Amino acid sequence: MIRVIHSEFAKLKRSLVLLLCAAAPTMVALLSAVMLMDRDKPTTWPMFAMGSAAMWSYFMLPMTVTALTILVAQVDHGPKAWNHLLALPVPRWRYYAAKALVVAFLVAAMSVALVVLLPLAGYAGEALAPGRQLTGSFGWAETGWLLARMFAGSLLLIAIQLWAALRFRSFVPPLVIGIGGTFVAVAATASKQGAFFPWLIPTNALASDPVRAAMAIQVGLYGGLAAGLLMLIDMARKESPAS
Amino acid sequence: MTAAIETTNLARRFGRQVAVDGIDLDVPERCVYGFLGQNGAGKTTTIRLLLGLLKPTAGSVRIFGIDVGRRRIEAARLIGALVETPCHYDHLTGRENLAITCRLLGAPKTEVDRVLETVDLLHAADRRVGGYSLGMRQRLGVARALIGRPKLLLLDEPTNGLDPAGIVDMRGLIGSLPERDGVTVFVSSHILAEIDQTATHVGLMHGGRLVLQAPVDSLRLAQAKTVRLKVDRPDDTLALLRSMDIAASRQGTDEVVIDPSCAAVAASEIAVINFLLVERGIRVSGLEVREPSLEEIFIRTIGSGFAPAAAPPPLALAA
């Protein structure tokens, strides 16, 4: 399995995947800095971090997962590499499991990058717009824990998007699912059912009701593991992964 | 001796369409097996069935005695394959592409240089594959199939896109593998002349069926030879041959060809024919006894329809 994971990472060399993984948290950090500079009222570091995390989970995370899963799947769909891969003496499910692990790792890495970039964005905002000082101190542990819960809650979203990206040779169906899901999430933000909607689950980590937040994260985490397992079973049974 | 490939009543349907219809392949070890057929005859589907990429509708596949349906991974360890157009990661170099397969197979890294050298691609190993010509991609595909020193090599139209020199090199490589490395090569093509020069055994697919399968030597022996006479009086020659119950036809101004479908003409009879022609004052300036090519044998079997032997292959771009 290690060899398959290693080969998945090797395929991503010089691809757009790494650019995407660098750009997504950077854009959130930049936007946070700009919003801080534009803010009239004073604010605190915890509020700044929560606002940035909301921006990440609400829009950037679902769209990045959509793009990332498509890119990871297209690495093999594009050149029709499955004929070669599936003829090798490697159990088929390992290819799909390796892709899922790689995507999960990259999303986790982006979350870590965001934790690192947020204080930099705050300091940059303060420096570029004197008078827009953030009070208190940046809570590394709190922000890290918040983004970790968002990551755990995003596993269902990752599983669904990756399944769609692997299942279809064309990038259009997973893109439509991703954009549609994100769009519906905007409308469903305040609804009770939002805690079960994959594209909205990560945002629920911010819910003021701790029960709702915990439930949403559990749905995302365990639902993601279950959906990932179903994906492996479904894909491994197919003669050809994509239609 | 265990057969390298053995299929029993192997069949595959796609909906109502029968792509492969109950074929019984028998490929001995250490041979070059030419798998021939027109486009759409079922060659690629058969190769995909052999690799376990498709599940058969009926029948079974055994690779060196291993049932592919039940023990695919074990069988796949013995096979290197090039299926259809070789597909590579264009954003990676040739070396990086091969390294991925090497890693997946658990083969040593030194394999990369070995196979690159075998297909004469070392000079372009560190260039991105996106800049490779079609011929170079094809050679990289063959190199990839050779990683891990497989016992069986399945090559689907391996000379596609190669320039004439590349085709000659590929023929040489394919022909040398059984003796050099003990590899069995199963090579599909729709160009008969290509297989004619390398294969020791052939199988002919037509309409999803295996209509012919035999060692090339025995196939040629079983077929009548063509006898071509160059004479100054072809009409008199035809009359003489007819009087001997030998069917023949005139070709051009001075040639007479004995019909190969008529009973095989023995060497002694050819000498007699020559003697009688000379005795009647007919000048014989040429007498050629020729074994039939695979193309002629197969056209006799299934009628015409193969790609012309003389069709020039598309030229590859300069490396």
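Rules and cut-offs
- Residues numbered from 1 in each chain as written.
- Chains lettered and ligands numbered in written order.
- Predicted model: local features only at pLDDT ≥ 70, side-chain atom pairs only at ≥ 80, totals over all residues.
- Heavy atoms only, no water.
- Helix = DSSP H or I, 4+ residues; strand = E, 2+ residues; numbered from the N terminus.
- Buried < 20%, exposed > 50% of the residue type's maximum accessible area, 1.4 Å probe, protein only.
- Contact = heavy atoms within 4.5 Å.
- Areas by Shrake-Rupley, 256 points an atom, 1.4 Å probe, with all protein chains shown as cover.
- Patch = residues over 30% accessible without salt bridge, like charges linked within 9 Å, V, L, I, M, F, W, Y side chains within 5 Å.
- Salt bridge = Lys/Arg side-chain N within 4 Å of Asp/Glu carboxyl O.
- pLDDT = per-residue confidence, 0-100.
- Buried area = accessible area lost by both parts, 1.4 Å probe.
- Polar contact = N/O pair within 3.5 Å; in protein donor to acceptor, adjacent residues only side chain to side chain.
- Axes fitted to C-alpha atoms, helices over the stretch in contact; angles between N-to-C directions.
- Parallel < 35°, antiparallel > 145°, perpendicular 65-115°, else oblique.
- Left-handed = near helix turned anticlockwise from the far one by under 90°.
- Nonpolar A, V, L, I, M, F, W, Y, C, P; charged D, E, K, R; others polar.

Take the overall build of chain B next. When helices and strands are counted, chain B shows eleven helices and 15 strands. In chain B, buried positions account for 50% of the 319 residues. A sequence separation of at least 24 residues applies to 69% of the contacts in chain B between residues at least 6 apart. Counting only carbon and sulfur atoms, one obtains 50% of the accessible surface of chain B, whose full area is about 14,400 Å².

A cluster of nonpolar side chains, A:Phe171, A:Val172, A:Leu175, A:Val176 and A:Ile179, forms an exposed patch at the surface whose accessible area comes to about 420 Å². Within the fold, A:Leu175 resides in helix 8 (residues 172-187).

With that settled, the discussion passes to the confidence of the model for chain B. Residue and element names in this part refer to chain B. Looking at chain B as a whole, its pLDDT mean stands at 83, while 88% of the residues score no less than 70. Ranking the elements of chain B by mean pLDDT puts helix 11 (residues 294-302) last with 69 and helix 3 (residues 94-105) first with 94. With pLDDT under 50 throughout, residues 308-319 is counted as low confidence; its partners more than four residues away or in other chains account for 18 contacts. Predicted as a complex, the structure gets a pTM of 0.79 and an ipTM equal to 0.81.

So, about the interface of chain A and chain B. At the junction of the two partners, chain A supplies 27 residues and chain B supplies 28 residues. Of all residues in chain A, A:Arg14, A:Pro89 and A:Glu239 give up the largest surface area on contact with chain B, accounting jointly for 27% of the area buried on that side. Our count for the chain A to chain B interface comes out at two salt bridges. Residue A:Arg14 is joined to B:Glu96 by a salt bridge in which the shortest nitrogen-to-oxygen separation is 2.4 Å. Where chain A meets chain B, there are 15 residue pairs in polar contact (both at pLDDT 80 or more).

Moving on to the pattern of salt bridges. Residue and element names in this part refer to chain B. One pass over the full model with this rule turns up 20 salt bridges over all chains. In this structure, Asp-90 engages Arg-137 in a salt bridge whose closest nitrogen and oxygen atoms are separated by 3.0 Å. Linking Asp-90 in the loop between strand 7 (79-82) and helix 3 with Arg-137 in helix 5 (residues 134-146), this pair joins segments that are 47 residues apart in sequence. Taking the shortest distance from any N to any O, the salt bridge between Glu-111 and Arg-149 comes out at 4.0 Å.

What follows is about the packing of helix 3 of chain B against helix 4 (residues 110-118) of chain B. Helix-helix packing is characterised by the crossing angle of the two axes and by the distance between the axes. Residue and element names in this part refer to chain B. The interhelical angle for the contact between helix 3 and helix 4, taken along N-to-C directions, is 125°, at an axis separation of 9 Å. Relative to helix 4, the element helix 3 is oriented oblique. As for how helix 3 packs across helix 4, the hand of that crossing is right-handed. Residues Arg-95, Leu-98, Ala-99 and Cys-102 of helix 3 form the contact with helix 4, whose own contacting residues are Glu-111, Val-112, Asp-113, Val-115 and Leu-116. Partitioned by chemical class, the residues of the contact of helix 3 with helix 4 number six nonpolar, no polar and three charged.

Residue and element names in this part refer to chain B. Positive phi, close to 50°, is recorded for Phe-64, a residue that is not glycine. Along the chain, the position of Phe-64 falls in the loop between strand 5 (58-63) and strand 6 (66-67). A relative accessible area of 12% places Phe-64 in the buried class. The phi torsion at Glu-157 lies on the positive side, around 50°, for a residue other than glycine. Relative to the elements of secondary structure, Glu-157 occurs in the loop between strand 8 (152-156) and helix 6 (164-181). Given the relative accessible area of 10%, Glu-157 is considered buried.

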